[in-house]
Amino acid sequence: MSGASVAVVGGGVIGASVAYHLGVRGVGDVVVLDRGVGPGEGSTGRATGGFRAQFASAINVRLSLLAREKLLRFSQEIGADPGYQAAGYLWLAGSEAELIELRAGRVLQQAEGLHEAVEVDSGEITRLNPALRLDGVIGGTFCPTDGFIQPGRILEGYLAAARRFGVRIEWQTEVTGFSRRENGRIAAVETSRGPIDADAVVNAAGAWAAPVARLAGINLPVTPLRRQVAITTPCDLLPPTMPMTIFAGDGFHLRVRDGRVMLLQPTPGVPGQPFDIPVDPAWIDAVTETARRRVPVLQGATIDRPGCWAGLYEVSPDKHAILGAAPGCANLFLINGSSGHGVMHAPALGQLLAEIICDGSASTLDVTALRPSRFDEGAPNPVSELL
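Residues numbered from 1 in each chain as written. Predicted model: local features only at pLDDT ≥ 70, side-chain atom pairs only at ≥ 80, totals over all residues. Heavy atoms only, no water.

Caption draft 1: Examining the packing of helix H1 (residues 13-24) against helix H6 (residues 151-164) more closely. Two numbers describe how H1 lies on H6: the axes approach to 8 Å, and their chain directions differ by 30 degrees. What the angle tells us is that H1 and H6 run roughly parallel. As for how H1 packs across H6, the hand of that crossing is left-handed. For the pair H1 and H6, contact is made by Val-13, Ala-16, Ser-17, Ala-19, Tyr-20 and His-21 and by Ile-154, Leu-155, Tyr-158, Leu-159, Ala-161 and Ala-162, respectively. Residues of the contact of H1 with H6, tallied by class, amount to 10 nonpolar, 2 polar and no charged. (Axes fitted to C-alpha atoms, helices over the stretch in contact; angles between N-to-C directions. Helix = DSSP H or I, 4+ residues; strand = E, 2+ residues; numbered from the N terminus. Parallel < 35°, antiparallel > 145°, perpendicular 65-115°, else oblique. Left-handed = near helix turned anticlockwise from the far one by under 90°. Contact = heavy atoms within 4.5 Å. Nonpolar A, V, L, I, M, F, W, Y, C, P; charged D, E, K, R; others polar.)

Below you can see the structure in the form of structure tokens.
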């Protein structure tokens, strides 16, 4: 295989965004390497397509606002429809402690420019989602500009736009190692199809980012975490404009996509098998029972068991992205650990990493909070279990 100025490992939505933004910056000879046979075989193809700016940290709010700006001009800039639908995110609190945390998040969000995020009472919750049974719900928050996106459309759009700038996309190409110079910099990427000389390498391998980093002798604190999705057969029990509705206490949430209701609730992965993504039949039963209790109209829904699926989050210790050059390897750039927010933040993160690679630092946003060295420095970002 021929050489490259930048080799991007991973052809999911984040890797595709990086490649496109490098192309926009005029970087030549960019190549994307992915072991899949085509687009969407990793986590991007299994993403549920939520988009929100309601976070508990300033950097995540800023990433969402930048990503939203880019989504709003995606069709014009990229030539594809990202499917952005501002249906809103409705967070529900079942205790005073949960409500206090949601309120604190709203204060921070408004300070960062998300002025449309508001607190809602039971009457407003019923107006926003009349299908809910509000037993135990004491209040919540709502942001009307949160909503939904189409991960596959965004991925395909970035890949096509990257190709227009001369980026090569090499499928069925697995990275097997790295050759490093005496100064620690990567000289070449070893692949299943032969070596590629590279001036710089981007690790955009998603849930598989840590094994890729280890090939370069880098310890990357990113772990895979299974997330399961239960889905109904086609029905009209809930409107497609219903906001993403999230019970903050246990994380149960639901939305409508393509005429089906999606039911989700976080669970641990398979013990000892972090990359396995079977769907647990007992979990389907449990999440269905929760849905029917909290949304009575779903008593009439049928679960499409063969259609249920699972995918992998790439989780960092503080549930924030890791962005920048790897400590100890100046030309290996990390864009990992988005912890479930990778698709929604991909437009922003790709632009920011392109700035870091080309200019030495990001200029659109201050991304100091995402620096890879923060864990060794004992300075992780505060973690919110709700937001």
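Back to the write-up after that little detour.
Caption draft 2: Quick look at the side chain of Arg-294. Its place among the elements puts Arg-294 in helix H8 (residues 281-294). Engagement of the side chain of Arg-294 in a polar contact is seen with the side chain of Asp-250, the distance being 2.8 Å. Once you skip the residues sitting within four places of it in the chain, Arg-294 turns out to touch Ala-131, Leu-132, Arg-133, Phe-247, Asp-250 and Phe-252. (Polar contact = N/O pair within 3.5 Å; in protein donor to acceptor, adjacent residues only side chain to side chain.)

Caption draft 3: Here's a closer look at the sheet that holds strand S4 (residues 89-93). Sheet architecture is open: 8 strands sit in the order S5-S6-S4-S13-S14-S15-S12-S16, paired in mixed fashion. Whereas interior strands pair on both sides, the edge strands pair on one side only; in this sheet they are strand S5 (118-120) and strand S16 (309-315). Shown here is a sheet whose adjacent strand axes are inclined to one another by a mean of 25 degrees, direction ignored. Both strand S13 (residues 244-247) and strand S14 (residues 253-257) contribute to a ladder of 2 bridges, which runs antiparallel. Directly across from Ile-246, in S14, lies its bridge partner His-253. Against the sheet, H8 touches strand S12 (223-231), S13 and strand S15 (260-264), its axis set at about 110 degrees to S15. (Pairing = 2+ DSSP bridges.)

Caption draft 4: Seen up close, helix H4 (residues 96-111). The terminal C-alpha atoms of H4 lie 23 Å apart, and with 16 residues this matches the ideal 22 Å at 1.5 Å per residue to within 8%. Every buried residue of H4 is listed here: Glu-98, Leu-99, Leu-102, Gly-105, Arg-106 and Gln-109. Projection of H4 onto a plane perpendicular to its axis shows the buried side chains occupying an angular sector of 120 degrees, all on one side. The exposed residues of H4 that point more than 90 degrees off its buried face are Ala-97, Val-107 and Ala-111. Structurally, H4 contributes buried residues whose contacts are with helix H2 (58-72), S4, S5 and strand S6 (139-143). Looking one or two residues past H4, Gly-113 carries a phi angle of roughly 105 degrees, positive in sign. (Expected span 1.5 Å × (residues − 1). Buried < 20%, exposed > 50% of the residue type's maximum accessible area, 1.4 Å probe, protein only. Arc of directions from axis to C-beta.)

Caption draft 5: How the structure looks around unusual backbone geometry. Phi angles above zero are rare outside glycine, and Asp-258 is one such case at about 55 degrees. Structurally, Asp-258 can be placed in the loop between S14 and S15. Backbone geometry at Lys-319 places phi at a positive 60 degrees, although glycine is not the residue there. In this structure, Lys-319 sits in the loop between S16 and strand S17 (322-326). Overall, the relative accessible area of 34% leaves Lys-319 in the partly exposed class.

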